[in-house]
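Residue-level structural notes
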Amino acid sequence: MAILKISDELQAELKTLLKSSQSPEETIDILSKSTKFSNLLTSLKKILKEDKFVQFRGGELSNYNFFFTALVNCFGEYYGVIEHTGIKIDCDYTGCSRNQLVLHNDDAIDIERQPQFGFIQVIKEDPIFKVHNGIVLIRELIRELKFKDPDLLNSLLTVPVPMCSYGINYDGENKKRLVVKEPILSKDSDGYKVRFDFERINFYYKEKNEKQPYEESKMIFDFLQYANGIKKALFLEVGDILIQNNKETLHDRDECSIELGTNGKLNSREILVSFAR
Ligand SMILES: [Fe+2]
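In short, a report on the structure. Treat the numbers as computed from the prediction; the structure is a model and nothing was measured.

1. Looking at the state of the cysteines
Under the defined criterion, the tally for this structure stands at zero disulfides. With no disulfide partner, Cys256 has as its closest neighbouring cysteine sulfur the one in Cys96, 11 Å distant. The buried category is assigned to Cys256, whose relative accessible area is 6%.

What follows is the structure, given as structure tokens:
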């Protein structure tokens with residue numbers, strides 16, 4: 001399992017460096033001059049390149065004086081606003097859902113500018129459950145299908161599947177209607193890629209008031225069965241940051257619970273999400 005933990009001493013040293021930082025820019029500047037941070041970054045990038053995901057265990061450092069924002073910036077073009085999501089009762093955003101999420105990769109509908117890396121940091125654990133994040137490596141799925149179900153593999157590489165949404169991000173300003181029709185799997189010069197968002201596939205048919213063809217829903221059902229069969233379950237502690245190659249993995253998470261306080265306030269698992277491309 002690709003977990004990289006930093007020692008308490010290293011965590012304390014990096015926190016001391018960032019003590020006076022007042023902004024993300026300042027944190028980026030301080031870290032860029034630190035050999036210790038540079039060693040950490042090199043290790044994270046190497047594991048990510050080889051394993052396609054890495055779980056960084058940074059403890060309190062992860063959420064200290066803009067460290068998370070600075071870290072994301074080190075992996076490419078900063079993608080946008082960092083999203084802070086809790087679990088909610090009345091919210092139609094998938095990230096707030098109490099239910100288990102279906103395996104997907106983020107912004108799959110964004111053909112031109114889909115993020116290369118996704119970052120999830122847990123800042124509060126679930127009040128009841130030990131909630132796991134699931135990861136599927138596409139190269140492992142390909143290997144599985146090559147021998148167990150080559151016909152399915154061929155369909156996943158060749159049959160275009162529609163997706164529809166209004167805008168790419170839930171809280172993005174641009175709400176233009178987007179429709180794409182692409183195969184779920186593809187291969188380019190550096191390997192196999194995936195593009196899959198179950199909600200947006202279903203939304204395409206819901207919006208058109210059409211029934212999804214049986215062959216397509218069966219292909220997706222089989223794809224998810226194989227993918228779930230090789231899924232790795234990770235438990236993210238508070239302060240853990242999961243970094244994943246968003247084009248070569250799928251991810252999900254278990255169902256969550258909600259605790260209701262006397263003041264009507266909800267207590268639930270909370271995460272920060274960000275992307276780099
Ligand atoms: Fe996601």
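And the narrative resumes.
2. Some remarks on the nonpolar core
For soluble globular proteins, the rule of thumb is that nonpolar side chains tend to be buried together. Leu156, Ile184, Leu185, Val194, Phe196, Phe223 and Leu250 are the most contacted members of the largest nonpolar core, which totals 29 residues. For this core, the secondary structure elements donating two or more residues are α5 (138-148), α6 (150-158), β6 (161-166), α7 (198-208) and α8 (214-229). By residue number, the principal contributor to this core is α8, which donates five residues. Discounting chain neighbours no more than four positions away, the residues touching Val194 are Asn105, Ile138, Ile184, Leu185, Phe223, Lys247, Thr249 and Leu250. In this structure, Leu4, Leu14, Leu41 and Val54 belong to the second largest nonpolar core, which totals 27 residues.

3. Side note on unusual backbone geometry
The backbone of Asp107 sits at a positive phi, close to 50 degrees, despite the residue not being glycine. By the secondary structure assignment, Asp107 is in the loop between β3 (83-85) and β4 (117-124). Of the residues examined, Asp107 reaches a relative accessible area of 7% and is grouped as buried. Backbone geometry places Asn209, a non-glycine residue, at a positive phi of 55 degrees. Looking at where Asn209 falls in the secondary structure, it is placed in the loop between α7 and α8.

4. Points about the sheet that holds strand β12 (residues 249-253)
One key point about sheets: their strands pair by backbone hydrogen bonds, in either a parallel or an antiparallel sense. Sheet architecture is open: three strands sit in the order β10-β5-β12, paired in antiparallel fashion. Where the open sheet ends on each side, the last strands, each with one partner, are β10 (232-235) and β12. Sheet twist, expressed as the average angle between the axes of neighbouring strands with direction ignored, equals 25 degrees. Where strand β5 (residues 132-137) lies against β10, four bridges are found, and the strand directions are antiparallel. By the bridge assignment for β10, Gly134 is matched with Ala233. Those strands touched by α5 are β5, β10 and β12, and its axis lies near 60 degrees from that of β5.

5. With respect to the coordination of the iron ion
Every protein donor of the iron ion is listed here as His104 (NE2), Asp106 (OD) and His251 (NE2), and their distances to the metal cover 2.2 to 2.3 Å. For the iron ion, the single-chain donor residues occur in sequence as H-x1-D-x144-H. Note that Asp106 is positioned in the loop between β3 and β4 and His251 in strand β12, a separation of 145 residues in sequence. Residue classification places His251 among the buried positions, given a relative accessible area of 6%.

6. Comments concerning the packing of aromatic side chains
Think of a pair of aromatic rings as described by two things: how far the centres are apart, and how the planes are tilted against each other in angle. A complete count under the given rule lists eight aromatic pairs for this structure. A ring pair is formed by Phe75 and Phe117, whose centres lie 5.9 Å apart and whose planes are at 75 degrees; its orientation type is edge-to-face. Taken together, the positions of Phe75 in the loop between α4 (67-73) and β3 and Phe117 in strand β4 put the pair 42 residues apart, joining distant regions of the chain. With a centroid separation of 6.2 Å and an interplanar angle of 75 degrees, the aromatic rings of Tyr166 and Phe203 are classed as edge-to-face. Of this pair, Tyr166 sits in strand β6 while Phe203 sits in helix α7, and the two are 37 residues apart along the sequence. Every member of this aromatic cluster is reached through a ring pair, and the members are Phe37, Phe56 and Phe67. It is Lys130 that lies over the ring of Phe235; its NZ or CZ is 3.7 Å from the centre.

7. Here we look at α6
Within α6, the full set of buried residues consists of Leu152, Leu153 and Leu156. In an axial view of α6, the angular spread of the buried residues amounts to 100 degrees, which keeps them on one side of the axis. Summarising the contacts, the buried residues of α6 are in contact with α5, β8 (185-188) and α8.

8. Observations concerning the packing of helix α1 (residues 8-18) against helix α2 (residues 24-32)
Their axes nearest at 10 Å, the elements α1 and α2 cross at an angle of 130 degrees. Relative to α2, the element α1 is oriented oblique. In this structure, the crossing between α1 and α2 has a hand that is right-handed. Facing Leu14, Leu17 and Leu18 of α1, the residues of α2 in contact are Thr27, Ile30 and Leu31. For the contact of α1 with α2, the residue count by class is five nonpolar, one polar and no charged.

Calculation criteria
- Residues numbered from 1 in each chain as written.
- Predicted model: local features only at pLDDT ≥ 70, side-chain atom pairs only at ≥ 80, totals over all residues.
- Heavy atoms only, no water.
- Disulfide = S-S within 2.5 Å.
- Buried < 20%, exposed > 50% of the residue type's maximum accessible area, 1.4 Å probe, protein only.
- Core = buried A, V, L, I, M, F, W, Y, C linked by side-chain atoms within 4.5 Å.
- Helix = DSSP H or I, 4+ residues; strand = E, 2+ residues; numbered from the N terminus.
- Contact = heavy atoms within 4.5 Å.
- Pairing = 2+ DSSP bridges.
- Axes fitted to C-alpha atoms, helices over the stretch in contact; angles between N-to-C directions.
- Donors = N, O, S within 2.8 Å, 3.2 Å for Na, K, Ca; no water.
- Phe/Tyr/Trp six-rings, centres within 6.5 Å; stacked < 30°, edge-to-face > 60°.
- Lys NZ or Arg CZ within 6 Å of the ring centre and 35° of its normal.
- Arc of directions from axis to C-beta.
- Parallel < 35°, antiparallel > 145°, perpendicular 65-115°, else oblique.
- Left-handed = near helix turned anticlockwise from the far one by under 90°.
- Nonpolar A, V, L, I, M, F, W, Y, C, P; charged D, E, K, R; others polar.

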